[in-house]
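Topology and contacts: notes
Here is what each chain is made of, one letter per residue.
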Amino acid sequence: MKRTTATTTDLKLINRNKVYRYIYENDNVSKQDIVLALGLSLPTVSQNLTELFDLGLLCYAGKFESSGGRKPKKISIIPDARMVIGVEIKMGHINILSIDLKGNTYPSERLELTFEPSEHYGRFLADEIENYIQSKAMNPETILGVGISIPGVLSEDKKHLINAPTLKARHVSIDALTKYIAHETFIENDANASAFAELHSRKEMETLAFLSASEGVGGAFTYNGVSYTGRNNRGAEFGHMTVVNGGKQCACGKSGCLEAYISTSVLAYGKDRRVDTFFKKLKEGDSSCKEIWEEYLTFLCMGINNIRTIFDCDIILGGTLARYIGDYFEDMKQRLSKIAVFEENADYLHLSNYTSNASAIGTALHFTDQFIKTV
Ligand SMILES: [Zn+2]
């Protein structure tokens, strides 16, 4: 039997990581707590704590009460000792935000920037990221990386954006978009990134299908905590399931796709094409809005019911729609229970925990996850 032997350095790093993660997960612990919980010797724990303090990752957060003798110090992680930038690329704008090691989100900024598959755009993107970092007075050395979400199908090696109907782009070199960014980058399909953020916020849920309804309609499927992206990295592209033979024109060039019926652009109201105005008018009882909403809900429920029929798992509804649909959610669930073949309720359906920026947060979490596992 072949054995792999961990070197002394490996073991040291493993121990250091155990110590960091214990403090990360429990917060405000004493040195003695760590010794007892991890079964490590006091000198080993002390050494690792010194290293982690030297890396600027820990702080003392007061003292515990003591029944006698010296009061033990409370040791805590410093959440913003490292930060990650998250960027959402959309057709007409980008959203930039940052998260700390605990996943706390710092305010996002929306910048008008029309997507184009060029180095010119890449330069703009890099400049805007730097502007964001400077405007928030962030120390560039604490930035672990820049996570970028993009609404389209990426190649398996993530070097090409193969097809992005909502960006009206095909076969784009990712390098052209990211090479001017002065930090490590990680790019991910927006729905996959949103599903990752969702998983993070729902520790009890390991298998889920995510349906993202924004201007583009995408999806993701995660099984036992692992994202399943299919043989060609375009699995769970729920937006392009055919729901009407020869139906409405879709942004992908085909017709009758679910996206053509449940894109939020269907709900864009008036000259400004605003979705929030649509919902305002709907609440006021506007008859044309009611008609549009009726058809929209019919197709939304059809899509969700199809996904449930295939995967038989929890489904999260996210994207821009999640911001508006709360008041109509119970109605939706009732409709779903009526069209379901195998079940009487739709308790499998959940509204996303994020009403905005889920995909930027999801890609940023990629870096914090890696860091916490390896520091
Ligand atoms: Zn389509």
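Note that the structure is a prediction, hence the values are computed from the model and not measured.

A word on the overall build of the chain. The secondary structure content of the chain amounts to 11 helices and 15 strands. When the backbone C-alpha atoms are referred to their principal axes, the chain occupies close to 75 × 55 × 50 Å. Per-residue burial over the chain gives 48% buried out of 375 residues. Of the contacts made within the chain by residues no fewer than 6 positions apart, 59% connect residues no fewer than 24 positions apart. Put simply, the chain shows about 19100 Å² of open surface, and 48% of that area lies on carbon and sulfur atoms. When the 42 positive and 46 negative side-chain charges of the chain are each reduced to one mean point, those points stand 4 Å apart.

This part is about the pattern of salt bridges. Where charged atoms of side chains with opposite charge meet at close range, the side chains can pair. Scanning the model with the defined rule gives 16 salt bridges in all. Of the charged contacts in the structure, one is a salt bridge between Glu198 and Arg202, with a shortest N-O distance of 3.0 Å. Grouping residues by exposure puts Glu198 and Arg202 together as buried. We note a salt bridge from Asp312 to Arg308, for which the minimum N-O separation is 3.5 Å. Note on Arg308: relative accessible area 14%, which makes it buried.

This part is about the domain arrangement of the chain. Accessible area lost when the parts come together is the quantity often used to give the size of an interface. As far as domains go, the chain holds domain 1 (8-77), domain 2 (82-194 + 358-374) and domain 3 (203-351). A separation of 25 Å is found between the C-alpha centroids of domain 2 and domain 3. At the junction of the two partners, domain 2 supplies 10 residues and domain 3 supplies 18 residues. Seen at the junction of domain 2 and domain 3, the total is zero salt bridges. For the pair domain 2 and domain 3, the interface holds two residue pairs in polar contact (both at pLDDT 80 or more). Breaking the side of domain 2 that touches domain 3 down by element, the ones donating at least two residues are strand 7 (153-154) and helix 6 (190-201). Classifying every residue of the side of domain 2 that touches domain 3 gives four nonpolar, five polar and one charged.

Looking at the zinc ion, the protein donor atoms are His240 (ND1), Cys250 (SG), Cys252 (SG) and Cys257 (SG), and they sit 2.1 to 2.4 Å from it. Around the zinc ion, the four donor atoms are arranged such that angles at the metal cover 103 to 119°; this shape is classified as tetrahedral. Counting residues between consecutive donors of the zinc ion along the chain gives the motif H-x9-C-x1-C-x4-C. Residue Cys252 is classed as partly exposed on the basis of its relative accessible area, which comes to 22%.

Here we come to the packing of helix 6 against helix 11 (residues 358-374). Two elements in contact, helix 6 and helix 11, have axes separated by 7 Å at closest approach and are oriented at 65°. Taken together, the axes of helix 6 and helix 11 lie roughly perpendicular to each other. By crossing handedness, the relation of helix 6 to helix 11 is classed as left-handed. Taken together, the residues of helix 11 that come into contact with helix 6 (itself represented by Asp190, Ala193, Ser194, Phe196, Ala197 and His200) are Ala358, Ser359, Ile361, Gly362, Thr363, Leu365, His366 and Asp369.

Ranked by size, the top nonpolar core spans 41 residues in total, and within it Ile262, Trp293, Leu300 and Met332 carry the most contacts. Listed by contribution, the elements that provide at least two residues to this core are strand 11 (208-213), strand 12 (217-223), helix 7 (258-262), helix 8 (275-283), helix 9 (287-311), strand 14 (314-318) and helix 10 (329-339). The greatest single-element share of this core, amounting to nine residues, is contributed by helix 9. Ignoring any residue separated from it by four or fewer positions in sequence, one finds Ile262 in contact with Leu211, Ala213, Ser214, Val217, Tyr296, Phe299 and Leu300.

Our next topic: helix 3 (residues 42-54). Along its 13 residues, helix 3 runs 18 Å from first to last C-alpha, staying within 8% of the 18 Å computed at 1.5 Å per residue. Every buried residue of helix 3 is accounted for by Val45, Asn48, Leu49 and Leu52. The buried residues of helix 3 all sit within an arc of 105° when viewed along its axis, so they share a single face. The exposed set on the far side of helix 3, more than 90 degrees from its buried face, consists of Pro43 and Asp54. Where the residues of helix 3 are buried, they touch helix 1 (8-26), helix 2 (31-38), strand 1 (58-63) and strand 2 (73-77). Of the residues trailing helix 3, Gly56 is marked for its positive phi of about 75°.

Cut-offs applied
Residues numbered from 1 in each chain as written. Predicted model: local features only at pLDDT ≥ 70, side-chain atom pairs only at ≥ 80, totals over all residues. Heavy atoms only, no water. Helix = DSSP H or I, 4+ residues; strand = E, 2+ residues; numbered from the N terminus. Buried < 20%, exposed > 50% of the residue type's maximum accessible area, 1.4 Å probe, protein only. Contact = heavy atoms within 4.5 Å. Areas by Shrake-Rupley, 256 points an atom, 1.4 Å probe, with all protein chains shown as cover. Lys, Arg positive; Asp, Glu negative; His and termini not counted. Charge placed at Lys NZ, Arg CZ, Asp CG, Glu CD. Salt bridge = Lys/Arg side-chain N within 4 Å of Asp/Glu carboxyl O. Domains from an automatic or database assignment. Polar contact = N/O pair within 3.5 Å; in protein donor to acceptor, adjacent residues only side chain to side chain. Nonpolar A, V, L, I, M, F, W, Y, C, P; charged D, E, K, R; others polar. Donors = N, O, S within 2.8 Å, 3.2 Å for Na, K, Ca; no water. Tetrahedral: all angles 85-135°; square planar, octahedral: opposite > 155°, others 65-115°. Axes fitted to C-alpha atoms, helices over the stretch in contact; angles between N-to-C directions. Parallel < 35°, antiparallel > 145°, perpendicular 65-115°, else oblique. Left-handed = near helix turned anticlockwise from the far one by under 90°. Core = buried A, V, L, I, M, F, W, Y, C linked by side-chain atoms within 4.5 Å. Expected span 1.5 Å × (residues − 1). Arc of directions from axis to C-beta.

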